[in-house]
Amino acid sequence: MGKQPPVPLLINGRRSDGRLPNEHRPVRMEVGVINNAEGSALVAYGNTVILAAVYGPREVPQKHLELPDKAILRVRYHMAPFSTSEGRKSPTPSRREIEISKVIRMALEPVVILERFPRTTIDVYIEVLQADGSTRVTGITAASLALADAGIPMRDLLVGVSIGKVSGTIVVDLNQLEDQYGEGDMPFAIMYGRGLITLMQADGEWTPGEIGQAIEMAFKAAEQIYRLQKDTLKSKYVESSISLLT
Amino acid sequence: MDGEVVAPGDVVGTAEEYLPGENVEVDSEGKLRAQVMGIVIRDNKEHIISIKPIKNNGLLKMNDIVYGKVVALPNDRVIIVKIISVDNNGNKVSLKDDVTGIIPPAQLFNGKANSAGELVGIGDIIRARVISRGPPYTLTLRDAQLGVVYARCPRCGHVLRWRSGELLQCPNCGAVVRRKVSLIEYWG
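Keep in mind it's a predicted model, so treat the numbers as computed, not measured.

A. Local environment of the interface of chain B and chain A. Counting residues at the interface gives 29 residues for chain B, matched by 38 residues for chain A. Roughly 2,700 Å² is buried in total at the junction of chain B and chain A, and carbon and sulfur atoms are behind 54% of that figure. The interface formed by chain B and chain A contains seven salt bridges. Across the salt bridge formed by K96(B) and E38(A), the nearest N and O atoms sit 4.0 Å from each other. Inspection of the chain B/chain A interface yields 12 residue pairs in polar contact (both at pLDDT 80 or more). The set of elements that each furnish at least two residues to the side of chain B that touches chain A consists of β1 (5-6), β5 (31-34) and β10 (91-103) of chain B. Among the elements that line the side of chain B that touches chain A, the one with the most residues is β10(B), at five residues. Across the side of chain B that touches chain A, the residue classes break down as 13 nonpolar, seven polar and nine charged.

B. Representation of the domain arrangement of chain B. For chain B, the domain assignment lists domain 1 (5-53) and domain 2 (65-151). The gap between the C-alpha centroids of domain 1 of chain B and domain 2 of chain B is 38 Å.

C. Broad picture of the side chain of E66(A). Residues and elements named next belong to chain A. Structurally, E66 can be placed in the loop between β5 (48-59) and β6 (72-79). Here E66 occupies a buried position and makes no salt bridge, while the nearest side chain of opposite charge, K63, is found at 4.2 Å. Sequence-distant contacts of E66, that is, excluding residues within four places in its chain, are made with V60 and R119.

D. Layout of the nonpolar core. Counting 101 residues, the largest nonpolar core has I122(A) and I163(A) as the members making the most contacts within it. Residue contributions to this core peak at 10 residues, all from helix α4 (residues 208-245) of chain A. Counting contributing residues per domain, this core is built from domain 1 (5-53) and domain 2 (65-151) of chain B, each supplying no fewer than three. Those residues in contact with I122(A) that lie beyond four places of it in its chain are V54(A), Y55(A), P57(A), A71(A), I72(A), L73(A), R74(A), V112(A), L114(A), F117(A), L147(A) and I152(A). Counting residues in hydrophobic clusters, the runner-up holds 10 residues, among them V6(B), V12(B), A34(B) and I51(B).

E. Spatial organisation of the pairing of strand β8 (residues 159-166) of chain A. Residue and element names in this part refer to chain A. Most of β8 sits out of view: eight of its eight residues are buried. In β8, alternate side chains face the same way, and those of V159, V161, I163 and K165 on one face and G160, S162, G164 and V166 on the other are all buried. In this structure, β8 lies alongside strand β10 (residues 184-191), joined through seven bridges in antiparallel fashion. Counted as the bridge partner of I163 is M186 from β10. For β8 and strand β9 (residues 169-172), the ladder comprises four bridges, and the chain directions are antiparallel. Residue V166 lies in a different strand from β9, and its bridge partner there is T169. Between β8 and β9, which pair antiparallel in sequence order, lie two residues; one of them, S167, sits at a positive phi of approximately 45°.

F. Looking closely at the pattern of salt bridges. Here the structure, examined in full by the defined rule, presents 32 salt bridges over all chains. The closest approach of N and O atoms between D132(A) and R25(A), which form a salt bridge, is 3.5 Å. On the criterion of sequence distance, the pair formed by D132(A) in the loop between β7 (120-130) and α2 (135-149) and R25(A) in the loop between β2 (14-15) and β3 (27-31) is long-range, its members being 107 residues apart. Residue K230(A) is joined to D10(B) by a salt bridge in which the shortest nitrogen-to-oxygen separation is 2.4 Å. In this pair, K230(A) sits in helix α4 while D10(B) sits in the loop between β1 and β2 (11-14), so the two residues belong to two different chains. We note that K230(A), like D10(B), is buried. Overlapping salt bridges, with partners in common, bring together R15(A), D17(A), R19(A), R25(A), D132(A), D173(A) and E178(A) in one network.

How each quantity is defined
Residues numbered from 1 in each chain as written. Chains lettered and ligands numbered in written order. Predicted model: local features only at pLDDT ≥ 70, side-chain atom pairs only at ≥ 80, totals over all residues. Heavy atoms only, no water. Contact = heavy atoms within 4.5 Å. Buried area = accessible area lost by both parts, 1.4 Å probe. Salt bridge = Lys/Arg side-chain N within 4 Å of Asp/Glu carboxyl O. Polar contact = N/O pair within 3.5 Å; in protein donor to acceptor, adjacent residues only side chain to side chain. Helix = DSSP H or I, 4+ residues; strand = E, 2+ residues; numbered from the N terminus. Nonpolar A, V, L, I, M, F, W, Y, C, P; charged D, E, K, R; others polar. Domains from an automatic or database assignment. Buried < 20%, exposed > 50% of the residue type's maximum accessible area, 1.4 Å probe, protein only. Lys, Arg positive; Asp, Glu negative; His and termini not counted. Core = buried A, V, L, I, M, F, W, Y, C linked by side-chain atoms within 4.5 Å. Pairing = 2+ DSSP bridges.

Okay, structure coming up:
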């Protein structure tokens with residue numbers, strides 16, 4: 001580890017923002033925030049705020065990309081120039097953004113039932129409005145919510161949770177400070193209802209015991225987010241469903 | 001319990017109770033799970049459970065009447081159309097995203113055509129019916145109500161007027177053009 005953090009990351013079992021190691025930041029969700037998109041969602045994990053929009057299924061503009069048996073999924077993870085605390089970020093997709101786009105796409109592909117729409121594309125745009133750590137997992141939660149809002153068939157909702165290691169302790173939902181100065185991080189994408197993991201990455205040194213603990217903590221944190229996702233989706237549609245039945 | 005709203009992944013029953021219908025699948029544990037946001041519909045006679053989606057996707061269905069612009073006539077045989085709107089009980093609803101349609105030579109009209117260019121021209125707006133799942137959608141013009149609804153003069157570009165039967169005339173230069181004209185609708 002190179003630099004020393006400006007504030008201690010863990011004192012007496014409390015983290016720099018006063019949270020306990022297994023405490024998730026407050027999660028806020030809203031669906032249907034963009035009129036022109038087929039589906040959209042705004043998700044906040046504390047100060048990390050992400051907007052996701054889904055377009056399609058629609059015709060693939062580049063014919064050579066389309067697949068005869070299923071739809072293609074295109075994901076664009078992008079950070080707004082004003083999203084970071086360190087001045088203006090260049091809006092050109094950086095190496096990191098391109099990689100995260102691909103990682104999120106691979107996390108979503110097993111969840112979305114692409115076989116239903118051959119020769120089409122489903123486009124997911126993930127825009128980071130405010131970055132305070134754990135942006136890729138917040139993006140996954142937002143993208144799955146937007147896909148469900150768009151009425152695209154899915155096997156389950158996907159929840160993103162990040163686990164990290166700070167001063168030797170496993171903590172859930174890293175913020176920017178812990179992400180930068182912590183000893184490791186491990187983002188997860190979890191299909192909570194089915195108990196499956198579609199994304200798991202790791203940075204830093206982890207013992208097998210710590211990984212087991214991390215997975216356990218991720219599932220525990222995912223449960224509440226998963227319930228909130230369902231409540232958010234249903235509360236939007238309860239009204240429209242009544243008018244559909246009558 | 002009919003009419004409850006479910007989200008993707010919600011357990012709506014078990015494999016012993018029902019057969020999975022539309023938008024329902026069986027997972028590895030034998031639970032029936034919803035695939036889309038929608039309303040549960042249980043058919044207790046047939047023991048089929050299905051989900052009626054709240055949002056229907058923007059794709060076209062079979063037998064939809066569509067309006068589109070002719071963009072190309074490759075080999076003078078097939079017609080490639082950019083579909084821009086769908087007919088919904090007499091109202092034209094424009095699509096969010098354009099889709100491609102193809103009219104094969106056999107679907108041009110009830111007869112044999114030597115070339116597609118005799119019956120439609122590039123830039124014409126046509127009324128057609130969808131006969132396949134897509135995209136790209138296969139369209140047909142084999143109906144009196146289907147065909148060209150708007151065309152411009154190939155010589156001077158003026159909007160053509162309907163004269164009689166399959167003939168259109170240019171009020172500007174007097175040219176007479178043959179087209180597969182829709183009998184119920186012509187905008188010129």
